Amino acid sequence: MSRHRKVALVGNPNAGKSALFNALTGARQKIANYPGVTVERKAGRMVLPNGEPVELVDLPGSYGLDPTSPDEEVTSQVVLGEFPGEQAPDVIVLVIDASNLEQHLVFAQEIIALGKPVVVALNMLDLAERDGLALDPPALQEALGVPVVPTVAVRRRGLDDLAAAIASVETLEYSPRPKLTLTERRVEAQAIAQGTILSETRTRRLHSRLDTVLLHPWLGPVILFALLFVIFQAVFAWATPFADALEGAIAGVSVFVQDVMPSGLVRDFITEGVLAGVGSVVVFLPQIVILFFFILVMEASGYMARAAFLMDRMMQSVGLSGRSFIPLLSSFACAIPGIMATRSIADPRDRLTTILIAPLMTCSARLPVYAVIIAAFIPNRTVGGGIGLQGLVLFGLYVAGILGAMIVALFLRRSLTSGAASGFIMEMPKYQLPRPGDLLIGLWQRAWIFLRRAGTIIFVVTVVLWLLLSFPKAGPGENQVDASIAGQLANGLAVVVEPIGFNRDMALSLIPAMAAREVAVSSLATTYAVEAETEDAEAVALGDQLRARWTLPMALAFLAWFVFAPQCMSTIAVTRRETNGWKWPAFMLLYLFGLAYIFAGITYWSATALGL
Ligand SMILES: Nc1nc2c(ncn2[C@@H]2O[C@H](COP(=O)(O)OP(=O)(O)OP(=O)(O)O)[C@@H](O)[C@H]2O)c(=O)[nH]1
Ligand SMILES: [Mg+2]
């Protein structure tokens, strides 16, 4: 029996391979599994114009020959002729989506560089036309050096030409093409796409110009970091009037309660526990809203996916793939959805690494802690060029978390979770102007989540702390906090954190902050309110209290602590669930507390040595 020649359909996911396969083979197909894997093998018989029957194989979609999933592995092995028991294809039909030319050309170049007989099916031309794209197939053929046949699989357009090209391709002369790296192929894909596109509508042209700038190899990252920088500046600059107004309102209510209620436990509970404690967290609502305003705009406009693309290279350099970017980005809101989002990472060690570093991304619960310390200790002045020093320090804290995460990832990938980084390509969504209605809903949801936290977990923990601080009552001449249960506990912990510059109040705030990081702020506010001997002293703003009681090195050490410390029970719990055991959450707790202790210590001692 003479073997039929074999033709394989290869291309990115959704290029229209299966649609072409169905159109070319009709009912003459056989569907089975590839041996040993649950990947479907679809083969069928096709008759070429010269009467020769060939075997046509439809392969799973793939982004490249370095496989990142079992599907891609099959495609790669079959194409390279490495699949056991499977004859290598004699001809490859490379299916390209004409409306997504640039993206699909990245993989196309890798296939063409193999030097096998290749015919390109420039598919989905109808969609390209609908998008206002006019293409020049001969120019593409010239650029790629292989035959290009325009097709519309679902309308059976171009099928005869495709069959004719398959029949004759093996007789063509080939000039071998160089093998390029992924980055080189991306650059080249852009150039080839530009050369193929004759005309496009104004918006489409604008969008591709935007991409040329925003995804530029060095301009892109510069713009991204400039944007992040502006965001952190705005978090301080724009929020201040609102935060001041909120703070004033809460102080006003506190004074009012003092006036109308008889002194006693209930009044103390309201002023010291609820208003000083929970109120001190609520004042950060404007900052949370501004931060999420930017995040939502970046998502809705389509820029976020571009940011992921830009970060991909940076992530590869520490052994992570761009697939980790979205989970890590979500962790800036909260590590819990971030850790849950790692389920989309196929490689288990990639995923574990991402889970372990997710808590280092500065979650929004840290913002109140950072903001209160920065507002109290970092002067509100510019460092030239209109750049605010406070925003700069906040930016620095976020960067410190990111750098810490990258270094930890690098270390983990060489030890506990060793392995190679997997490649990453994602579809870029279209640019869009964010819709104001959607933005408002998104902001409202975020604000509500924050206020609900303040009303539930932060409220409960602060009240428990207030009780522990208020009893037993101090004798005459005795300090209330020292006499209280909480004070006794804190004195025990203070011994441990004394070497890194923490005083008793700071030590005390670390315990309830395990429930939620913001509670560190309400804890400090409640502690100072309880400790105040007179009502006048009680009304002093938290910032002034901090300035009076802490030194600058202490404040900086506290900030450094919160960059690393795993101060959130829910994160530990979700890590346990996602890793199926206590081993990794325990490791996470240990390494993060270790880093927090070391870096707070280094900060405290170097700041002291510098005479700050
Ligand atoms: N308008 C239009 N739609 C097409 C064309 N070719 C395929 N499609 C549609 O595009 C979608 C994806 O096509 P498939 O053939 O499943 O793509 P595929 O390359 O096999 O995708 P994977 O198997 O996931 O790699 C289907 O809904 C097809 O009907 C085309 O030329 N024009
Ligand atoms: Mg398919």
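Residue numbers run consecutively from 1 along every chain, following the written order of its sequence. The lettering of chains begins at A and the numbering of ligands begins at 1, in the order of writing. Given that this is a predicted model, residues contribute local features only at a pLDDT of at least 70 and side-chain atom pairs are listed and counted only at 80 or more, while totals for whole chains, interfaces and linings are drawn from all residues. With hydrogens and water set aside, each side-chain value is computed from the structure's full complement of heavy atoms.

### Quick notes on the pairing of strand S4 (residues 53–58)
Moving on, step 1. For strand S1 (residues 5–11) and S4, the ladder comprises five bridges, and the chain directions are parallel. For leucine 9, the partnering residue across the bridge sits in S4 and is aspartate 58.
Moving on, step 2. As paired strands, strand S3 (residues 40–47) and S4 are joined by six bridges and run antiparallel to one another. For methionine 46, the partnering residue across the bridge sits in S4 and is valine 54.
Moving on, step 3. Note: two strands are recorded as paired if DSSP finds a minimum of 2 bridges between them. Only DSSP runs of H or I with at least four residues qualify as helices, and only runs of E with at least two residues qualify as strands; both kinds are numbered from the N terminus onward. Between S3 and S4, which pair antiparallel one after the other, the connecting turn spans five residues, and glycine 51 there sits at a positive phi close to 90°.

### Describing the site of ligand 1
Moving on, step 1. Distances are taken per atom, and a residue is near a molecule or strand as soon as one of its heavy atoms is within 4 Å of it. If you check the shell around ligand 1, you find 15 residues, and the closest are Gly16, Lys17, Ser18, Ala19 and Asp126.
Moving on, step 2. The term polar contact refers here to a pair of N or O atoms within 3.5 Å; inside protein, the definition further demands a hydrogen-donor-capable atom paired with an acceptor-capable atom, and it admits residues adjacent in sequence only when both atoms are side-chain atoms. The backbone of alanine 15 places a nitrogen or oxygen atom 3.1 Å from an oxygen atom of ligand 1.
Moving on, step 3. At a separation of 2.7 Å, an oxygen atom of ligand 1 approaches a polar side-chain atom of lysine 17.
Moving on, step 4. Contributing elements (two or more residues each) for the shell around ligand 1: helix H1 (17–25) and helix H4 (125–130).

### So, the pattern of salt bridges
Moving on, step 1. We count a salt bridge whenever a side-chain nitrogen from Lys or Arg sits within 4 Å of a carboxyl oxygen from Asp or Glu. Here the structure, examined in full by the defined rule, presents 18 salt bridges.
Moving on, step 2. Measuring nitrogen to oxygen at the nearest pair gives 1.7 Å for the salt bridge that ties arginine 5 to glutamate 170. Note that arginine 5 is positioned in strand S1 and glutamate 170 in the loop between helix H6 (159–168) and helix H7 (182–196), a separation of 165 residues in sequence.
Moving on, step 3. Its salt-bridge partner being aspartate 350, residue arginine 413 comes within 2.8 Å of it at the nearest N-O pair. Of this pair, arginine 413 sits in helix H18 (residues 389–414) while aspartate 350 sits in helix H16 (residues 348–357), and the two are 63 residues apart along the sequence. The two residues arginine 413 and aspartate 350 agree in class, both being buried.
Moving on, step 4. Through salt bridges with shared partners, a single ionic network connects Asp482, Arg504, Asp505, Glu531 and Arg549. Partly exposed residues are those whose accessible area sits between 20% and 50% of the maximum for their type, while under 20% is buried and over 50% is exposed, using a 1.4 Å probe and protein chains only.

### Notes on the packing of aromatic side chains
Moving on, step 1. Aromatic rings from Phe, Tyr and Trp, with only the six-membered ring used for Trp, were paired whenever their centres fell within 6.5 Å, and each pair was classed as stacked if the ring planes differed by under 30 degrees, edge-to-face if by over 60, and tilted otherwise. Overall, the coordinates contain 16 aromatic pairs when judged by the stated rule.
Moving on, step 2. Ring geometry for phenylalanine 293 versus phenylalanine 294: centroids 5.5 Å apart, planes at 75°, classification edge-to-face.
Moving on, step 3. Look at phenylalanine 293 and you get partly exposed, because its relative accessible area is 30%.
Moving on, step 4. Seen in terms of ring centroids, phenylalanine 502 and tryptophan 561 are 5.7 Å apart; in terms of plane orientation they differ by 65°. Their pairing is edge-to-face. One end of the pair, phenylalanine 502, is in the loop between helix H21 (485–497) and helix H22 (504–510); the other, tryptophan 561, is in helix H26 (residues 552–564), and 59 residues separate them in sequence.
Moving on, step 5. The class for phenylalanine 502 is buried, based on a relative accessible area of 3%.
Moving on, step 6. One aromatic cluster in this structure is built from Phe377, Phe502, Trp550, Phe558, Trp561, Phe562 and Phe593.
Moving on, step 7. Note that arginine 306 overlies the ring of tyrosine 431, its terminal NZ or CZ placed 3.9 Å from the centroid.
Moving on, step 8. For the cation-ring pair, lysine 473 lies above phenylalanine 471, with the distance from its terminal atom to the ring centre recorded as 5.4 Å. We count a charge as sitting over a ring when the NZ of a lysine or the CZ of an arginine lies within 6 Å of the ring centre and within 35 degrees of the ring normal.

### Describing the UniProt feature "transmembrane region" (unreviewed entry) in the protein
Moving on, step 1. UniProt positions are given in the numbering used here, feature names are shortened, and annotations may be inferred rather than shown by experiment. The UniProt feature table records "transmembrane region" (unreviewed entry) at residues 213–236, 273–298, 318–340, 352–378, 390–412, 450–469, 552–574 and 586–607.
Moving on, step 2. Secondary structure over residues 318–340 splits into 52% helix and 0% strand, and the C-alpha atoms at its two ends are 22 Å apart.
Moving on, step 3. What you have in residues 552–574 is 83% helix and 0% strand, and the ends, taken at the C-alpha atoms, are 35 Å apart.

### Observations regarding the environment of alanine 189
Moving on, step 1. Inspection of the secondary structure assignment puts alanine 189 in helix H7.
Moving on, step 2. Classification of alanine 189 as buried rests on a relative accessible area of 0%.
Moving on, step 3. In this structure, the C-alpha to C-alpha distance between alanine 189 and glutamine 109, residues 80 residues apart in sequence, is 8.0 Å.

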